[in-house]
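Here is what each chain is made of, one letter per residue.
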Amino acid sequence: MRTAIISDIHSNLTAFEAVLEDIGRQGVDRIICLGDIIGYGPNPVQCVDLVEQRCAWSLLGNHDFGVAYEPSNFNKIAEDAAFWTRRELERHMVDHPEETMRRWNFLHRLRVQVREGGILYVHGSPRRQINEYITPSSPYDDPRMMQSIFNLVDSVCVVGHTHVPGVFTNDLEFYKPGDLPEQAYVITPGQKAIVNPGSVGQPRDLDPRASYAIMETDDTGAPKSFRFLRVEYDIQETVDRIDGITALDSRLGRRLLDGQ
Ligand code: ZN
């Protein structure tokens, strides 16, 4: 089976639509989402609806949590964006109560982890599912942290949250997609790996194109390979939409232009 894995859409509808169009050309069987559907960007309502329509399931990210429940450990810019996102989701309550309630119920039902075919899916890390960052420097700066995370992984774990795509191996290396032959990582049976597909709506690896991955699994559901893909989209359109919303800091748009 071929599964498209998307993460960290962050209400960037223009990027999300471009990625869905690209996925449509890849002949995948399903799409799954690792969370942070909303927060930061200008189109939360449309992004929640598209995830609900197009994805087999989605996880809960820290920004989804921040909007649906309580923003915690957020800086001012992220907190303001979370409160604006909540107002935006509530705004339609008067005219479209059923639709609005369906959207909230969808957000409230999102899970913090999923296990399928021996693969563990979380937004952040297996230790703190929505909040811990496993960054490209973690294996080198904090090998003990990585070791304790790998102790919680049976085979393959798929994470988002850092907005940086790549593969962590349990010999404590990190591989960027560009380090891999044809941007693909082949899983050796019995090995452990943590895979991050990068971010659809706010990439942070200095490549501003939207990022996602395609996973191939065998008949038992075990992972065979992960391929990393990038998709160009009209970044300026999202920047302009952010600039048109007072509650969203213009830096949230500017960072998209160079993938910071
Ligand atoms: Zn995120």
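In the block above lies the structure referred to throughout.
From a predicted model like this one, the values you see are computed outputs, not experimental measurements.

Reading the values: rules and limits
- Residues numbered from 1 in each chain as written.
- Predicted model: local features only at pLDDT ≥ 70, side-chain atom pairs only at ≥ 80, totals over all residues.
- Heavy atoms only, no water.
- Pairing = 2+ DSSP bridges.
- Helix = DSSP H or I, 4+ residues; strand = E, 2+ residues; numbered from the N terminus.
- Axes fitted to C-alpha atoms, helices over the stretch in contact; angles between N-to-C directions.
- Contact = heavy atoms within 4.5 Å.
- Buried < 20%, exposed > 50% of the residue type's maximum accessible area, 1.4 Å probe, protein only.
- Donors = N, O, S within 2.8 Å, 3.2 Å for Na, K, Ca; no water.
- Tetrahedral: all angles 85-135°; square planar, octahedral: opposite > 155°, others 65-115°.
- Polar contact = N/O pair within 3.5 Å; in protein donor to acceptor, adjacent residues only side chain to side chain.
- Salt bridge = Lys/Arg side-chain N within 4 Å of Asp/Glu carboxyl O.

Participant: It is not clear to me how the sheet that holds strand S10 (residues 193-196) should be interpreted in this structure. Could you clarify?
Facilitator: Where strands meet in a sheet, backbone hydrogen bonds hold them as pairs that are either parallel or antiparallel. With mixed pairing, the six strands of this open sheet are ordered in space as S4-S5-S6-S10-S7-S8. Lying at the two open borders of the sheet, with one neighbouring strand each, are strand S4 (113-116) and strand S8 (173-175). In this sheet, neighbouring strand axes are inclined to one another by 20° on average, regardless of whether the strands run parallel or antiparallel. With four bridges joining them, strand S7 (residues 166-169) and S10 adopt antiparallel strand pairing. The residue of S10 that forms the bridge with Thr 169 is Ala 193. Here helix H7 (residues 143-150) sits on the sheet in contact with S7 and S10, set at roughly 100° to S10.

Participant: Is there a simple way to think about unusual backbone geometry in this case?
Facilitator: Excluding glycine, most residues fall at negative phi; most peptide bonds, likewise, are trans. We note that Tyr 40 has phi near 80°; this positive angle belongs to a residue other than glycine. Relative to the elements of secondary structure, Tyr 40 occurs in the loop between strand S2 (30-33) and helix H2 (44-54). We classify Tyr 40 as buried; its relative accessible area is 11%. Despite not being glycine, Glu 182 has its phi angle at roughly 50°, a positive value. You can see Glu 182 is positioned in the loop between S8 and strand S9 (184-186). On the basis of relative accessibility, which here comes to 74%, the residue Glu 182 falls in the exposed class.

Participant: Honestly, the pairing of S4 in this entry has me stumped. Any pointers?
Facilitator: On a regular strand, each side chain points to the face opposite its neighbour's, so the side chains alternate between the two faces of the sheet. Bridge analysis of S4 against strand S5 (residues 119-122) gives four bridges, and the strand direction is antiparallel. Residue pairing in the sheet places Gln 113 in a bridge with Val 122 of S5. Between the end of S4 and the start of S5, which pair antiparallel, lie two residues, with Gly 117 showing a positive phi angle near 55°.

Participant: Where do I start with the coordination of the zinc ion in this structure?
Facilitator: The expected angle between donors at a tetrahedral four-coordinate metal is 109.5 degrees. At an octahedral six-coordinate metal it is 90 or 180 degrees. Coordination of the zinc ion by the protein is provided by Asp 8 (OD), His 10 (NE2), Asp 36 (OD) and His 163 (NE2), with metal-donor distances spanning 2.0 to 2.3 Å. In this structure, the zinc ion is surrounded by four donor atoms whose angles at the metal cover 86 to 179°, and the resulting shape is irregular. Each donor residue of the zinc ion belongs to the same chain, and together they define the spacing D-x1-H-x25-D-x126-H. Each member of the pair Asp 8 and His 10 is classed as buried.

Participant: Even after reading the chapter, I still don't get the side chain of Glu 88, so can you show me in this structure?
Facilitator: Its location among the elements puts Glu 88 in helix H4 (residues 76-90). The buried category is assigned to Glu 88, whose relative accessible area is 15%. A polar side-chain atom of Glu 88 sits 2.8 Å from a polar atom in the side chain of Arg 91.

Participant: Is there a simple way to explain the pattern of salt bridges in this structure?
Facilitator: Side-chain pairs of opposite charge can arise where the charged atoms are in close proximity. One pass over the structure, following the stated rule, counts 18 salt bridges. Of the charged contacts in the structure, one is a salt bridge between Arg 127 and Glu 132, with a shortest N-O distance of 2.4 Å. Here Glu 132 falls in the buried class, since its relative accessible area comes to 8%.

Participant: Honestly, the sheet that holds strand S1 (residues 2-6) in this entry has me stumped. Any pointers?
Facilitator: One open sheet holds the six strands; their spatial order is S3-S2-S1-S11-S12-S9, and the pairing between them is mixed. Across the chains shown, the open sheet's two edge strands, defined by having one partner strand only, are strand S3 (57-58) and S9. Where S1 and S2 come together, four bridges link them in parallel fashion. Bridging across to S2, Thr 3 finds its partner in Arg 30. In this fold helix H1 (residues 13-24) packs onto S1, S2, strand S11 (210-217) and strand S12 (223-231), with an angle of close to 35° to the strand it touches most, S11.

Participant: What am I meant to see in the environment of Gly 259 here?
Facilitator: With respect to the helices, strands and loops of the structure, Gly 259 is situated in the segment after helix H9 (251-258). Gly 259 sits in the buried class, given a relative accessible area of 0%. The spacing of Gly 259 and Val 164 is 95 residues in sequence and 9.9 Å in space, taken between C-alpha atoms. Once residues lying within four places of it in the same chain are set aside, the contact partners of Gly 259 are Pro 203, Arg 204, Asp 205, Leu 206, Asp 207 and Pro 208.

Function cannot be read off these values alone, since they describe shape.
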